[in-house]
Amino acid sequence: MADPSFYVILNANAGTANAAGVTAEAVAELFEANGLRAVVDARSEQPLADRIADAIASPAPTVVAAGGDGTITALAAALVGGDKSLAILPLGTVNALAKDLSVPLDLAGAVAALATGEMHRIDVGEVNGRIFLHKVVIGMIPGVAAGREHIRGRYDIAAKIGFLRYFFRRIARSKRIAVVIEPSSGERRVERVQALAVASNAYDEGVGQFFSRQKLDQGTLTLYVLRHFTARDFIRLTVEMLLGRWRDDEALSVESVNAVTIDTRKDLIKVMFDGEVETMHTPLVFAIRPKALSVIVPANTATPVEAA
């Protein structure tokens, strides 16, 4: 039997996978139906690091993250600098990178797209030696995200109303924090902020676009500083995003940097790391790694990233 072309790491506990009851058998059948040879690893009882190590040791040239953004980021970190490519079956709740790469959001469509997929290279961000694909956020946002975890997997209206109440209470009670910002080219400064984000490349403006990126290979980080964030600010920014002109909002500043160091008075700080809440040591030292990750994208994708 010929070696498989794809090694699939399935996270059956990811948002969409869990809700739809996606199984290893169903995923394997989709690959077979599209004439693709694949090994599907659904060993949820095994540590993810061990499963990723097995994938890298396999002969398959492409490793597929069938899960949410956390699974994708963990796999991407292991593949950076190697000779294998990353492919995505978007089974999470947000599916941020899949959307940026124009990967179909339905499972059958995403598998079918792999049959004619093309290899491209994209940038990755790095903070304190760790790889991220979207953004790292400090301030009030990680606290809001932590509240979201309490309703993960719940789709009833009571859970959604409860989260909205929590969200607006959090806004009302949140305080600004002092941060030291030191870009690689520019003056060191101290600012009091409600939240701060460092993203790989830049989020686009456009009608109805929410945190989407068309260009993933520009070789820059983008620093977003939110100086205040009241309920009024939230409503105004939401409307501006719908209209496609949020970058000039009075509460927000946007800056392109090659590298930046962020420090606070605390030795440990909560961050939202590609959608997952974690605790990290300060200072946070950010850098961009241009075109460090090989990814498989649908043929004729509109995403202008450089072919490998």
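Just above sits the structure.
Described in the following lines is the structure provided in the data block. Computed from a predicted model, the values in this text were never measured in an experiment. Residue positions within a chain follow its written sequence, with the count starting from 1. The predicted origin of the model limits local features to residues at a pLDDT of at least 70 and limits the giving and counting of side-chain atom pairs to 80 or more, whereas totals for whole chains, interfaces and linings rest on all residues. Just so you know, side-chain values use all the structure's heavy atoms and leave hydrogens and water out.

Looking at the sheet that holds strand β12 (residues 252–257)
Alright, step 1. We treat two strands as partners when DSSP finds at least two bridges between them. Secondary structure is summarised from DSSP: a helix means a run of H or I of at least four residues, a strand means a run of E of at least two, and numbering begins at the N terminus for each. Strand order in this open sheet of six strands is β12-β11-β10-β7-β14-β15, and the pairing throughout is antiparallel. Either end of the sheet is taken by a strand with one partner, and the two such strands are β12 and β15 (276–281). Within the sheet, the average angular offset between the axes of one strand and its neighbour, ignoring direction, is 25°.
Alright, step 2. Here strand β7 (residues 135–139) runs beside strand β10 (residues 195–200); their pairing, made up of five bridges, is antiparallel. Across the sheet, Val136 pairs through a bridge with Val198, a residue of β10. Helix axes are fitted to C-alpha atoms over the stretch in contact, other axes to C-alpha atoms as well, and angles between N-to-C directions run from 0 to 180 degrees.

Observations regarding a nonpolar patch on the surface
Alright, step 1. A cluster of nonpolar side chains, contributed by Phe210, Phe211, Ile235, Val239, Leu242 and Leu243, occupies part of the molecular surface with about 550 Å² of accessible area.
Alright, step 2. Mapped onto the elements of the fold, Phe211 is located in the loop between β10 and β11 (221–226).
Alright, step 3. When accessible area is computed with a 1.4 Å probe and restricted to protein chains, residues below 20% of their type maximum are described as buried, those above 50% as exposed, and intermediate ones as partly exposed. Phe211 sits in the partly exposed class, given a relative accessible area of 45%. Patch definition: residues with relative accessible area over 30% and no salt bridge; like charges joined within 9 Å; nonpolar side chains (Val, Leu, Ile, Met, Phe, Trp, Tyr) joined within 5 Å. The accessible surface values rely on the Shrake-Rupley method and a 1.4 Å probe; as for residues, cover is taken only from the protein chains in view. Here a salt bridge means any side-chain nitrogen of Lys or Arg lying within 4 Å of a carboxyl oxygen belonging to Asp or Glu.

A few points about the nonpolar core
Alright, step 1. Phe31, Leu86, Leu89, Leu101, Leu114 and Leu293 are the most contacted members of the largest nonpolar core, which has 46 residues in total.
Alright, step 2. Buried residues of nine kinds, namely Ala, Val, Leu, Ile, Met, Phe, Trp, Tyr and Cys, make up a nonpolar core once their side-chain atoms join them within 4.5 Å. Phe132, Ile138, Leu221 and Leu223 belong to the second-largest nonpolar core, a separate cluster that totals 22 residues.

Some details on the packing of aromatic side chains
Alright, step 1. Any two of the Phe, Tyr and Trp rings considered here, Trp counted by its six-membered ring, make a pair once their centres fall within 6.5 Å; the pair's planes then place it as stacked at under 30 degrees, edge-to-face at over 60, or tilted in between. Scanning the entire structure with this criterion turns up seven aromatic pairs.
Alright, step 2. Between Tyr203 and Phe211 the ring centres are 5.6 Å apart and the planes differ by 85°, which places this aromatic pair in the edge-to-face class.
Alright, step 3. Of the residues examined, Tyr203 reaches a relative accessible area of 5% and is grouped as buried.
Alright, step 4. Seen from their ring centres, Phe229 and Phe234 are 6.2 Å apart, and the 90° between their planes marks the pair as edge-to-face.
Alright, step 5. Sitting over the face of the ring of Phe211, Lys135 holds its NZ or CZ atom 5.3 Å from the ring centroid.
Alright, step 6. By definition, being over a ring means that NZ of Lys or CZ of Arg is both within 6 Å of the ring centre and within 35 degrees of the ring normal. Note that Arg247 overlies the ring of Trp246, its terminal NZ or CZ placed 6.0 Å from the centroid.

Observations regarding the pattern of salt bridges
Alright, step 1. Enumeration according to the criterion identifies 13 salt bridges in this entry.
Alright, step 2. In this structure, Arg51 and Asp41 form a salt bridge, with 3.4 Å as the shortest nitrogen-oxygen distance. Remark: Asp41 occurs in strand β2 (residues 38–41) and Arg51 occurs in helix α3 (residues 48–57); sequence separation between them is 10 residues.
Alright, step 3. On the basis of relative accessible area, Arg51 is assigned to the buried category, the value being 5%.

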